[in-house]
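What follows is each chain in one-letter form.
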Amino acid sequence: MPLLLNREKQDLDVILWDKETPCDREWLLKNAPGASALIVLVTDKVDAELLDAAGSKLRVVSTMSVGYEHIDAKEVAKRNLKLGYTPDVLTDAVADISIMLALMAGRNARETMTIVNDGRWPEYNWSPFLFCGRQLSASRSSTTRTAGFIGFGRIAQATLARLVPFGFTHCLYTSNPSSKPKPTRDSQLASTLRLQSIKRVDLATLAEESDVVFVLAPGGDETRNLVDVEFLRKMKKRAVLVNTSRGTLVDSDALATALREGWIWGAGLDVVAGEPKIAADHPLVKEPK
């Protein structure tokens, strides 16, 4: 990724990978020795090998991303290094996209756009409920809506705030088992957003009771395939799943099966495990919903 640099500054010696491709690992290992700081992207693995190569002058490792699962945080801490990341830079953008995907998945946007783009619209006769999808907002016949969040950090709370005008009344969330419950924060946030309740629950309860599930937890081994067959089987048949965090949190094969067999209504995906190596024959790419 190109950076804007003041190359005339005399107190900084910047070694820059300036190609429009992920940084080559061998290049990184070769140029790390003697560095005071390493500034990386999500495609750069920061592990003991790289930190050893950098040597004793290294003071800080910083990543241009919200997530930092590509960095071995334990190794960084063991060496008393500072770890930098960008937690707020994408909060509003990802919250917006999360709502967009919830609407698109619920209203069959991809399926119906494909029908039009493929020239198949004339094959369908008009009817009152043609192409209708799942309504995101509350209605006279369904006055409550429950949002479920796997992870309840900045982006999740920003997404929840955007759901309030749609008539959402309840919020369920799960978080890291090692984190302490925050009932005071939850009640204050519920009051601020004018929700009936915000409650921390287990994963099974969240799956069973949510109308829309937003996956917004960190990536890594601890959360890999958190949304699996068991979780998807518990979801409501008219519920929507949205993943705007990391593709690894959702079992792609299980989700493809859930969509194909109608366990859930639809899915809105900003991320997929294995990206960007996702071809047209990928099981999720082939699913209209």
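Residues numbered from 1 in each chain as written. Predicted model: local features only at pLDDT ≥ 70, side-chain atom pairs only at ≥ 80, totals over all residues. Heavy atoms only, no water.

Named according to an unreviewed UniProt entry, the chain is D-isomer specific 2-hydroxyacid dehydrogenase originating from Gymnopilus junonius.

1. Observations concerning the pairing of strand β1 (residues 37-40)
Inclusion rule: Burial classification: accessible surface area is computed with a 1.4 Å probe over protein chains only, and a residue below 20% of its type maximum counts as buried, one above 50% as exposed, and the rest as partly exposed. Put simply, DSSP H or I for four residues or longer makes a helix, DSSP E for two residues or longer makes a strand, and each gets a number counted from the N terminus. Consider the strands pointing away from the viewer: the crossover is right-handed when the path from the first strand over the helix to the second runs clockwise.
Residues of β1 alternate between two faces, with Leu38 and Val40 buried on one and Ala37 and Ile39 left unburied on the opposite face. The handedness of the β1 to strand β2 (residues 60-63) crossover, carried by helix α2 (residues 48-54), is right-handed.

2. Details of the environment of Val272
Let me state the cut-off plainly: Should any heavy atoms of two residues lie within 4.5 Å, those residues are considered in contact.
If you trace the backbone, Val272 turns up in the segment after β9 (266-269). Sequence-wise, Val272 and Val250 are 22 residues apart; in three dimensions their C-alpha atoms are separated by 7.9 Å. Residue contacts for Val272: discarding those within four places in its chain leaves Gly247, Ser252, Ile278, His282 and Leu284.

3. Topic: the UniProt feature "domain: D-isomer specific 2-hydroxyacid dehydrogenase NAD-binding" (unreviewed entry) in the chain
Put simply, the test is: UniProt positions are given in the numbering used here, feature names are shortened, and annotations may be inferred rather than shown by experiment.
As recorded in UniProt, the feature "domain: D-isomer specific 2-hydroxyacid dehydrogenase NAD-binding" (unreviewed entry) lies at residues 99-288. In residues 99-288, helix accounts for 32% and strand for 14%; the two terminal C-alpha atoms are 19 Å from one another.

4. Some words on the sheet that holds β2
Rules: In this scheme, strands are said to pair when DSSP sees at least two bridges between them. Only the stretch in contact is used when fitting a helix axis, every axis being a line fitted to C-alpha atoms; angles between N-to-C directions are given from 0 to 180 degrees.
The strand order across the open sheet formed by three strands is β1-β2-β3, and the pairing between neighbours is parallel. Single-partner strands in this sheet number two, and they are β1 and β3 (82-84). Taken pair by pair, the neighbouring strands of this sheet meet at an average axis angle of 10°, ignoring direction. In the sheet, β1 pairs with β2 via four bridges, with the strands oriented parallel. Residue Ile39 lies in a different strand from β2, and its bridge partner there is Ser62.

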